Amino acid sequence: MIDLGTQAISISYSQLVVFDHSLERPFNGWTHRHVTQGFAWRAGSVAFRTIEEGGQHLVAVTFGGSEHDAVAPNALMVIDVPFEVPPDETIEIGSVSKSILFKLPAGLYSLRYECFERSGGDVPLIRLSFCRNSSPEFRIVRAGSDFSLKEPLVLTASPA
Amino acid sequence: MPVGHLAPHHLNRLDNFARMAKAGFDPNQPRLANGEWGDGGTSVPSEVAQTPSYQGDGRSAVGVLPPVSSGSRAVQNYALPGASLALAAYNNFHDGKYGWAIADAAGSLVDAAIGVASLGVGAIVGNSAQSAVIAAGESVPIVEVSAARFGEAADHIMDAQAAGLPNILTIDRLGVDANRVAATGRFQRVPGLQLDEYPPAMFREGGVGASVRAINSADNMSAGAYIGNSCRFLPDGSKIQIRIVK
């Protein structure tokens, strides 16, 4: 795994978004089902629900390898989704009010989102891991406390 | 000249002045510069009141302001560059302060300030097909928030604007965290709902005094995403107008 660093990102509207830099409207609309499954996904953009509604979060980004590491025991939400880095190798990670550019090799990845609870006075931590995978799948690895796992996952979303 | 926003009690005062203007009509009082009757008591000297231009927060409108007497209100149409129709109204308050307001073509108040240290200040109304021309040469993108699509989030915006909170907002991403804390910090979280704030925290007008309401999560997250998309390529300091549509 290659560490791309940890960035402080201000979360707004309970969502962290990973998206193709070229999208004009990268942020997705949310349905009730999107909320209860923890993410809203479309090709080029995935928005993950955060535990806290807003404020500074630390977002650690890694890429490489073909398999994700074991799930951290203290992760509260863990979600895997496919994500394709575009040919210009530029993606953005952020939230509604602000995002940060990242460069990653183009291609298809399994993107893992891990959300950790704030401990003490610390800033909440989110970890994003991009693993090379030619057939990545959607998977709720660890559900949040108010997730619903009974209904099928909704694997489409539209720009908000 | 800094431009603020009208608090609800100021809006009430504007409404009161409008009523006074109708009720207090006096045929003996001086006419306005355009020949219309004024509607108040003693006129201020015309050489002072007939200011050739108004400027505020980088906006400007060129025209001759009518004399306005204490506690009165006057309205006059102007054709502004870039606007097919413009209306200017001037208010002179009993306490010696002056206010101006910007309304849309339908006459709804969209922005206002009070305490502007000038005689003959007022409202400027502009209209164009695509955006609200709030003054000569400046247009503000309109972000239309659909009530059908954004449900409780749209309801909240509509109620907050009706209560006097501004609908022209200034992007200020650096202030987002401080504004959020200032607006929502004292509110208890409601299980299953999210705290929505208007004006949103990413705007300079957010923070202290913002309206806060617990609403449906999907509506809140979608509306936030929509506003984020709408502001994606606008730098800090840009203004937008948020308008609720069906």
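Residues numbered from 1 in each chain as written. Chains lettered and ligands numbered in written order. Predicted model: local features only at pLDDT ≥ 70, side-chain atom pairs only at ≥ 80, totals over all residues. Heavy atoms only, no water.

Draft legend 1. Inspection of the overall build of chain B at higher detail. If you tally the helices and strands in chain B, you get five helices and 14 strands. In chain B, buried positions account for 51% of the 246 residues. Taking the contacts inside chain B whose residues are at least 6 apart along the sequence as the reference set, 61% of them involve residues at least 24 apart. If you sum the accessible surface of chain B, you get close to 10900 Å²; carbon and sulfur atoms cover 55% of it. (Helix = DSSP H or I, 4+ residues; strand = E, 2+ residues; numbered from the N terminus. Buried < 20%, exposed > 50% of the residue type's maximum accessible area, 1.4 Å probe, protein only. Contact = heavy atoms within 4.5 Å. Areas by Shrake-Rupley, 256 points an atom, 1.4 Å probe, with all protein chains shown as cover.)

Draft legend 2. Up close: a nonpolar patch on the surface. All names here are of chain A. On the surface, Leu58, Val123 and Leu125 cluster together to form a nonpolar patch covering roughly 200 Å² of accessible area. Note that Leu125 resides in strand E10 (residues 125-132). On the accessibility criterion, Leu125 (32% relative accessible area) is partly exposed. (Patch = residues over 30% accessible without salt bridge, like charges linked within 9 Å, V, L, I, M, F, W, Y side chains within 5 Å. Salt bridge = Lys/Arg side-chain N within 4 Å of Asp/Glu carboxyl O.)

Draft legend 3. Local environment of the side chain of Thr184 of chain B. Within the element layout of this structure, Thr184 of chain B appears in helix H4 (residues 176-184). Thr184 of chain B sits in the buried class, given a relative accessible area of 4%.

Draft legend 4. Focus on the sheet that holds strand E3 (residues 39-42) of chain A. All names here are of chain A. Taken together, the five strands give an open sheet; going across it, the order is E3-E4-E2-E7-E8, and neighbouring strands pair in antiparallel fashion. Across the chains shown, the open sheet's two edge strands, defined by having one partner strand only, are E3 and strand E8 (99-103). Geometrically, the sheet is characterised by an average inter-axis angle of 15° between neighbouring strands, direction not taken into account. Note that E3 and strand E4 (residues 45-49) share four bridges and pair antiparallel. By the bridge assignment, Trp41 is partnered in E4 with Val46. (Pairing = 2+ DSSP bridges. Axes fitted to C-alpha atoms, helices over the stretch in contact; angles between N-to-C directions.)

Draft legend 5. Examining the packing of aromatic side chains more closely. Residue and element names in this part refer to chain A. Inspection of the entire model under this criterion finds seven aromatic pairs over all chains. Aromatic pair Phe48 and Tyr113: ring centres 4.3 Å apart, planes at 0°, arrangement stacked. Placement of Phe48 in strand E4 and of Tyr113 in strand E9 (residues 107-116) is noted, with a sequence separation of 65 residues between them. For Phe48, a relative accessible area of 0% gives the class buried. Linked through ring pairs, Phe39, Trp41 and Phe138 together constitute an aromatic cluster. (Phe/Tyr/Trp six-rings, centres within 6.5 Å; stacked < 30°, edge-to-face > 60°.)

Draft legend 6. Expanded view of the packing of helix H3 (residues 147-162) of chain B against helix H5 (residues 217-230) of chain B. All names here are of chain B. At their nearest, the axes of H3 and H5 sit 8 Å apart, and the two run at 105° to each other. In terms of orientation, H3 lies roughly perpendicular with respect to H5. Every residue of H5 that contacts H3 at Arg149, Phe150, Gly151, Glu152 and Ala153 is listed here: Asp219, Asn220, Ser222, Ala223 and Tyr226. (Parallel < 35°, antiparallel > 145°, perpendicular 65-115°, else oblique.)

Draft legend 7. Examining the nonpolar core more closely. The biggest cluster of nonpolar side chains holds 35 residues, and the ones touching the most others in it are Val145, Phe203 and Ile242 of chain B. When contributions to this core are tallied by element, the ones reaching two or more residues are strand E2 (15-20) of chain A together with strand E10 (142-146), H3, H5 and strand E14 (239-245) of chain B. In contact with Ile242 of chain B, other than residues within four places in its own chain, are Val143, Val145, Ile157, Gln161, Asn167, Leu169, Tyr198 and Ile227 of chain B. Residues Phe39, Val81, Leu104 and Leu111 of chain A belong to the second largest nonpolar core, which totals 29 residues. (Core = buried A, V, L, I, M, F, W, Y, C linked by side-chain atoms within 4.5 Å.)

Draft legend 8. View of the confidence of the model for chain B. Residue and element names in this part refer to chain B. Residues with a pLDDT of 70 or more make up 43% of chain B, whose mean pLDDT is 61. Mean pLDDT across the elements of chain B ranges from a minimum in helix H2 (residues 46-49), with 29, to a maximum in H5, with 97. Below a pLDDT of 50 lies the segment residues 1-138, which in the model reaches 275 contacts outside its immediate sequence neighbourhood of four places, other chains included. Quick note on the complex model: pTM equals 0.69, ipTM equals 0.96. (pLDDT = per-residue confidence, 0-100.)

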